[in-house]
Amino acid sequence: MMATASDLGLTCGTLPAGEWNAITDVPGVRVGHCTVREGEVNTGVTAILPHGGNLFRSKVMAACDVINGFGKTAGLVQVKELGTIETPILLTNTLSVGTCQTALVREAIRLNPDIGRTTGTVNAVVGECNDGPLSDIQALAVTEAHALAALADAHEGAVEQGSVGAGTGMTCFGFKGGIGTASRKLSLGGGEHHVGVLVLSNFGRAGDLVLPDDRRPDPRQRQDAERGSIIVVLATDVSMQQRQLARVARRAGAGIARLGAFWGNGSGDIAIAFSTANGSDHDEKRDFIPMMTLNDARIDLLFRAAADATQEAVLNSMLAAEPFVGRGGARRASLADWLREQKSAAERGAPGAGRRLP
């Protein structure tokens, strides 16, 4: 049974979670997965849709923050320049970025035949992490059909976490990593709003993980150099400017750091943030467009939500993942199992319980 941080009493901050404790608590946001497990291949695709309509025609305000740039993402240069996202966001393994990008372009052209003809081209957004230690990444197993399957699977409500979709072959702090999500509920302007986070976790040195209660789990893995990556996707229904979204995206780094990561030289740590509140009409005819925006004096609430939800989403990505055997027999332990063993040891009164595996 899937465990979550809140189930196990691991509290990240004081703000309440949304109904699903997921990025899908932001109204309209959808998530889908396609998992590929064939022989030595353990990989997949995860899709995040800011809304269920035509994103090229109705873009969302967006920004990104590159915490450490050892990554091969697609589309972020234009997101940073123009401040919008106009396709779903796909997450996959490092060598499948091009395939997923092509799938997004084909789908956008299918929905908008004028792309590249009588209107501009389309900027597909793809994030990646390297699942090579647990998957035959050289097989180039992800196809456009897998990307389309993840898009077709996208839905509102509960989000499957752990070793699923793009998270199938990922490692985090020496434990099994993958897809994780969390959300925070906010009160602003007399109404209820949300910040939701979804992570693809594949980072952190074995033994460096620090839990919210200060325990330091030991996965009994070799302490290699920090060479992993994490993609953080943040969504909100708070009306914000691109500048403000970039500042919120940057606070994902605080949530990552709380867990013991230091963003090593070989780590690709990238955050993408979007708001569903301020759309951009591709066919807008007006010269001036009115826009409501958050008062900067209130933005600390979103900073806190971004840090807390990122921290919890990473923990959930590990807690939802079962023990895993990947390419060449490489094994990854489950953080949930470590916590269960610690609880059992404490109940037996075993020495050292709460610090290391007995």
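A brief structural summary. (Residues numbered from 1 in each chain as written. Predicted model: local features only at pLDDT ≥ 70, side-chain atom pairs only at ≥ 80, totals over all residues. Heavy atoms only, no water.)

## With respect to the pattern of salt bridges
Two side chains of opposite charge can pair, provided their charged atoms sit close to one another.
Then, number 1: Using the criterion set out here, one finds 15 salt bridges in the structure.
Then, number 2: Its salt-bridge partner being Arg57, residue Asp114 comes within 2.8 Å of it at the nearest N-O pair. Of this pair, Asp114 sits in the loop between helix H2 (97-111) and strand S6 (125-129) while Arg57 is found in the loop between strand S2 (41-49) and strand S3 (58-69), placing the two residues 57 residues apart along the sequence.
Then, number 3: As a salt-bridge pair, Glu86 and Lys59 come within 2.8 Å of each other at their nearest N and O atoms. Here Glu86, found in the loop between strand S4 (84-85) and strand S5 (89-93), pairs with Lys59, found in strand S3; they are 27 residues apart in sequence, far enough to count as distant.
Then, number 4: For Glu86, a relative accessible area of 8% corresponds to the buried category. (Salt bridge = Lys/Arg side-chain N within 4 Å of Asp/Glu carboxyl O. Helix = DSSP H or I, 4+ residues; strand = E, 2+ residues; numbered from the N terminus. Buried < 20%, exposed > 50% of the residue type's maximum accessible area, 1.4 Å probe, protein only.)

## Description of the pairing of S5
Then, number 1: Taken across its five residues, S5 has five buried, putting it largely inside the fold.
Then, number 2: In the sheet, S2 pairs with S5 via three bridges, with the strands oriented antiparallel. Paired with Ala47 across the strands is Leu90, a residue of S5.
Then, number 3: Examined bridge by bridge, S5 and S6 share five bridges and lie parallel to one another. Bridge pairing in S6 links Thr92 to Glu128.
Then, number 4: Running through H2, the crossover from S5 to the neighbouring parallel element S6 is right-handed. (Pairing = 2+ DSSP bridges. Right-handed = clockwise from strand over helix to strand, strands pointing away.)

## Points about the pairing of strand S1 (residues 30-38)
Then, number 1: With nine bridges connecting them, S1 and S2 associate as antiparallel partners. Along S2, the bridge assignment pairs His33 with Thr46.
Then, number 2: If you look at the hairpin formed by S1 and S2, you'll find two residues sitting between the two strands, and Gly39 has a positive phi there, around 60 degrees.

## Overview of the side chain of Ser317
Then, number 1: Secondary-structure assignment places Ser317 in helix H6 (residues 300-319).
Then, number 2: Given the relative accessible area of 0%, Ser317 is considered buried.
Then, number 3: A distance of 2.6 Å separates the side chain of Ser317 from the backbone oxygen of Val314, its partner in a polar contact.
Then, number 4: When near neighbours in sequence (up to four residues on either side) are disregarded, Ser317 contacts Gly162, Lys176, Gly177, Gly178, Ile179, Gly180, Val199 and Ser201. (Polar contact = N/O pair within 3.5 Å; in protein donor to acceptor, adjacent residues only side chain to side chain. Contact = heavy atoms within 4.5 Å.)

## Some words on the sheet that holds S1
Then, number 1: Pairing in this open sheet of four strands is mixed, and the strands run S1-S2-S5-S6 from one edge to the other. Looking along the sheet, the strands with just one partner apiece sit at the ends: S1 and S6. Direction aside, the axes of adjacent strands within the sheet are offset by 15 degrees on average.
Then, number 2: Most of the contacts of helix H3 (residues 144-153) go to S1, to which it runs at about 140 degrees, and overall it touches S1, S2 and S5. (Axes fitted to C-alpha atoms, helices over the stretch in contact; angles between N-to-C directions.)

## Side note on helix H7 (residues 335-348)
Residue pairs three or four apart in sequence face the same way in an α-helix, which turns once every 3.6 residues.
Then, number 1: Across its 14 residues, H7 extends 20 Å between first and last C-alpha, which sits within 8% of the 20 Å expected from 1.5 Å per residue.
Then, number 2: Looking at H7, one finds that the buried residues are Leu335, Ala336, Trp338, Leu339, Gln342 and Ala345.
Then, number 3: Where H7 begins, the side chain of Ser334 points an oxygen toward the backbone nitrogen of Ala336, at a separation of 3.2 Å.
Then, number 4: Just beyond H7, the residue with positive phi is Gly349, at close to 75 degrees. (Expected span 1.5 Å × (residues − 1).)

## Regarding the environment of Ile137
Then, number 1: With respect to the secondary-structure elements, Ile137 resides in the loop between S6 and H3.
Then, number 2: Under the relative-accessibility criterion, Ile137 is labelled buried at 16%.
Then, number 3: Residues Ile137 and Gly169, spaced 32 residues apart in sequence, show a C-alpha to C-alpha distance of 9.7 Å.

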